[in-house]
Amino acid sequence: MSAKPNKIERRPFVAELLRHRDGSLIVCGLGSPTWDCFAAGDSPDYLYSWGGMGLAVPTALGLALAQPDRRVVAVTGDGEMLMGLGSLAVVGDQAPANLAVLVLDNERFGETGRQRGLTSGRTDIAAVARGVGFRQTMTVTEQGQAGELAALLFKAPGPVLGIAKIAITDDPWALPEKDGAVIAHRFKSALGIK
Amino acid sequence: MPKPAAHWSDDVFRAMQARDIRTVCTIPDGGLVLLLQQIEADPAFRLITLTSEQEGIGVATGCWLGGQRAMIAMQSSGVGNCINALGLPVAYRAPCLMLVTMRGQWGEFNPWQVPMGQAVKPALEAVGVKCFPVDKASEVGETFEAAADLAFNGWMSAAVLVSQRVIGAKGFGQK
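Thresholds applied
Sequence order as written defines residue numbering, which begins from 1 separately in each chain. Just so you know, chain letters begin at A and ligand numbers begin at 1, following the order they were written in. Where totals are concerned, whole chains, interfaces and linings use all residues; where local detail is concerned, this predicted model gives features only for residues with pLDDT of at least 70, and gives and counts side-chain atom pairs only at 80 or more. Helix and strand assignments come from DSSP, with helices taken as H or I runs of at least 4 residues and strands as E runs of at least 2, each series counted from the N terminus. Using C-alpha atoms as the atom set, the radius of gyration is obtained and then compared with a globule rule of 2.2 Å times the number of residues to the power 0.38. Exposure classes come from backbone-placed C-beta atoms, where a residue is buried if 20 or more other C-beta atoms lie within 10 Å of its own, exposed if 12 or fewer do, and partly exposed in between. Two residues qualify as a contact pair if the distance between their C-beta atoms, derived from the backbone, is within 7 Å. Criterion used throughout: strands pair if DSSP finds at least two bridges between them. Lines fitted to C-alpha atoms define the axes here, with helix axes fitted over just the stretch in contact, and angles between the N-to-C directions of these axes take values from 0 to 180 degrees. Here, a nonpolar core denotes buried Ala, Val, Leu, Ile, Met, Phe, Trp, Tyr and Cys residues that are linked to one another through C-beta atoms within 7 Å. Just so you know the grouping, Ala, Val, Leu, Ile, Met, Phe, Trp, Tyr, Cys and Pro go in nonpolar, Asp, Glu, Lys and Arg go in charged, and all remaining residues, Gly too, go in polar. The scheme is simple: roughly parallel for angles under 35 degrees, roughly antiparallel for over 145, roughly perpendicular for 65 to 115, oblique for anything else. In this scheme the crossing of two helices becomes right-handed for a clockwise turn of the near helix relative to the far one and left-handed for an anticlockwise turn of less than a right angle.

## Regarding the overall build of chain A
Within chain A one finds eight helices and eight strands. Here chain A has a C-alpha radius of gyration of 15 Å; the compact-globule value for 194 residues is 16 Å, and the two agree. With respect to the three principal axes, the spread of C-alpha positions in chain A is 50 × 35 × 30 Å. In chain A, which comprises 194 residues, the share counted as buried stands at 46%. Counting only contacts in chain A whose residues sit at least 6 apart along the sequence, the fraction spanning at least 24 positions is 75%.

See the structure below:
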């Protein structure tokens, strides 16, 4: 357990970050990160996910490689990131300059009853990212750090990884489109791909 | 100089070129050596080495969403690592093309390969992947073409299962 409880409120923090996204494509991890992005204001540039735990970063990698002129940011949680930890090494190996990863880290499995997650203990995802070749990482603990984190996620040469230590909060449901074919079609259409 | 014997991987490579499948995600297998060598040697292709096959499912889906075609090449044991991940392309109705070289079937000497090898086709079909088994080297190319066209023109997940009979069973001196 952390010495002090996390303070950042996820919904206003994610909304503040996304105000700086400047056309970046957002690959939302399943569950809460998807709800957070949708709650901040729906956009066809957001690829929502309802499953496939561990695949937010690989999906963002494929997209970043196929769209080298667009910034791609994966927004995921600590549980999903740890399930796909190996994918950080694949990103480090491919080293796309247009890819960033944001981990919303509440140190819990929030969707399933707030059971303890490994980042509440000794696990340091940022250290892993540096160890597999990410160019820069940043861990933020204060609500007021959205601006500097946004600069990393949306501007700095990638691959970069940010961690926001978020609080356990009770947020209203904000559920986007659930039909994957509709989500994918809308996303591709916004990119101008048939 | 004698012409080297034709190999099924040449047919697959040509089919990939013709269909603009330029990204290959892989955990390698002995049966894929020649194909992976061709891909690595050609600058028009991108080879992505994974840590687990399931990552390839996400990468291929992301590539397609971004307007490019990718596939995943793996050994049959890797299919087990992909099962939940395949829910992603199936739900997005995104094409996901897998080339699987089989172990645990024809003349397998290693019992550890058999459980997953025998489960590949039923497991893939259970999560909605169309399977194309092939047990003749001369038919791998056309089978790959059929699976690729179903995947990319029909927005489906498809797997070509190249039999151990084509690859040749390993023995490690135990035959």
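## Concerning the overall build of chain B
The helix and strand inventory of chain B stands at eight helices and six strands. Written out in order from the N terminus, the α and β elements of chain B read α-β-α-β-α-β-α-α-β-α-β-α-β-α. Over its C-alpha atoms chain B spans a radius of gyration of 15 Å, differing by no more than 12% from the 16 Å that the globule rule assigns to 175 residues. Overall, chain B is about 45 × 45 × 25 Å in size when its C-alpha atoms are taken along their principal axes. Put simply, chain B has 175 residues, and 50% of those count as buried. A separation of at least 24 residues holds for 74% of the contacts in chain B among residues at least 6 apart in sequence.

## Section: the sheet that holds strand β1 (residues 21-26) of chain B
Residue and element names in this part refer to chain B. As summarised here, the arrangement of the six strands in space is β2-β1-β3-β4-β6-β5, forming an open sheet in which the pairing is parallel. Pairing within the sheet leaves two strands with one partner each, and these edge strands are β2 (46-49) and β5 (130-134). The average angle at which neighbouring strand axes cross in this sheet is 20°, direction not considered. Here five bridges tie β1 to strand β3 (residues 69-75), and the two strands are oriented parallel to one another. When the sheet's bridge partners are listed, Cys-25 is paired in β3 with Ile-72. Across the face of the sheet, helix α3 (residues 53-65) comes into contact with β1, β2, β3 and β4 (96-101) while running at roughly 170° to β3.

## Comments concerning the nonpolar core
Counting residues in hydrophobic clusters, the biggest one holds 111 residues, and the most contacted among them are Val-27, Ala-60 and Leu-102 of chain A together with Ala-60, Met-71, Val-100 and Val-160 of chain B. The biggest single contributor to this core is helix α3 (residues 56-66) of chain A, with eight residues. Val-160 of chain B has contacts with Leu-99, Val-100, Phe-132, Val-134, Thr-143, Phe-144 and Ala-147 of chain B, leaving out every residue within four places of it along the chain.

## Concerning unusual backbone geometry
Excluding glycine, a negative phi dihedral is what most residues carry, and trans is how most peptide bonds are arranged. For the peptide bond that leads from Gly-158 of chain A to Pro-159 of chain A, omega is 0°, which places it in the cis range. Residue placement: Pro-159 of chain A occurs in the loop between α7 (146-155) and β8 (160-165). Phi at Arg-93 of chain B is positive, roughly 50°, even though this residue is not glycine. Given 17 C-beta atoms within 10 Å, Arg-93 of chain B falls into the partly exposed group. Despite not being glycine, Trp-155 of chain B shows a phi value in the positive range, around 55°. With respect to the secondary-structure elements, Trp-155 of chain B resides in the loop between α7 (140-154) and β6 (157-162).

## Here's the deal with the sheet that holds strand β2 (residues 46-47) of chain A
All names here are of chain A. The strand order across the open sheet built from six strands is β2-β1-β3-β4-β8-β7, with neighbouring strands paired in parallel fashion. Across the chains shown, the open sheet's two edge strands, defined by having one partner strand only, are β2 and β7 (136-140). Relative to β2, strand β1 (residues 25-28) is paired through two bridges, and the arrangement is parallel. Residue Val-27 lies in a different strand from β2, and its bridge partner there is Leu-47.

## Some details on the environment of Asp-124 of chain A
Topologically, Asp-124 of chain A is positioned in the loop between β6 (115-116) and α6 (125-131). A sequence separation of 15 residues divides Asp-124 of chain A from Thr-139 of chain A, and the C-alpha atoms of the two residues are 10.0 Å apart.

## Looking at the interface of chain B and chain A
Opposite the 28 residues of chain B that make contact, chain A presents 28 residues. Every element with two or more residues in the side of chain B that touches chain A is listed here: β2, α3 and α5 (87-92) of chain B. Sort the elements by how many residues they give to the side of chain B that touches chain A and α3 of chain B lands first, with ten residues. Of the residues belonging to the side of chain B that touches chain A, the class tally is 13 nonpolar, twelve polar and three charged.

## Thoughts on the packing of helix α1 (residues 8-18) of chain B against helix α2 (residues 33-41) of chain B
All names here are of chain B. Packing of α1 against α2 brings their axes to within 8 Å, and their N-to-C directions diverge by 40°. Judged by the angle between their axes, α1 and α2 are oblique. Crossing geometry of α1 relative to α2 is assigned as right-handed. Within the contact between the two elements, α1 uses Ser-9, Val-12 and Phe-13 and α2 uses Leu-34, Leu-35 and Gln-38. Broken down by class, the residue content of the contact of α1 with α2 amounts to four nonpolar, two polar and no charged.

## So, the environment of Gly-77 of chain A
With respect to the helices and strands, Gly-77 of chain A occurs in strand β3 (residues 72-77). When residues no more than four places from it in sequence are discounted, the contact partners of Gly-77 of chain A are Gly-29, Gly-31, Ser-32, Pro-33, Val-103 and Leu-104 of chain A.

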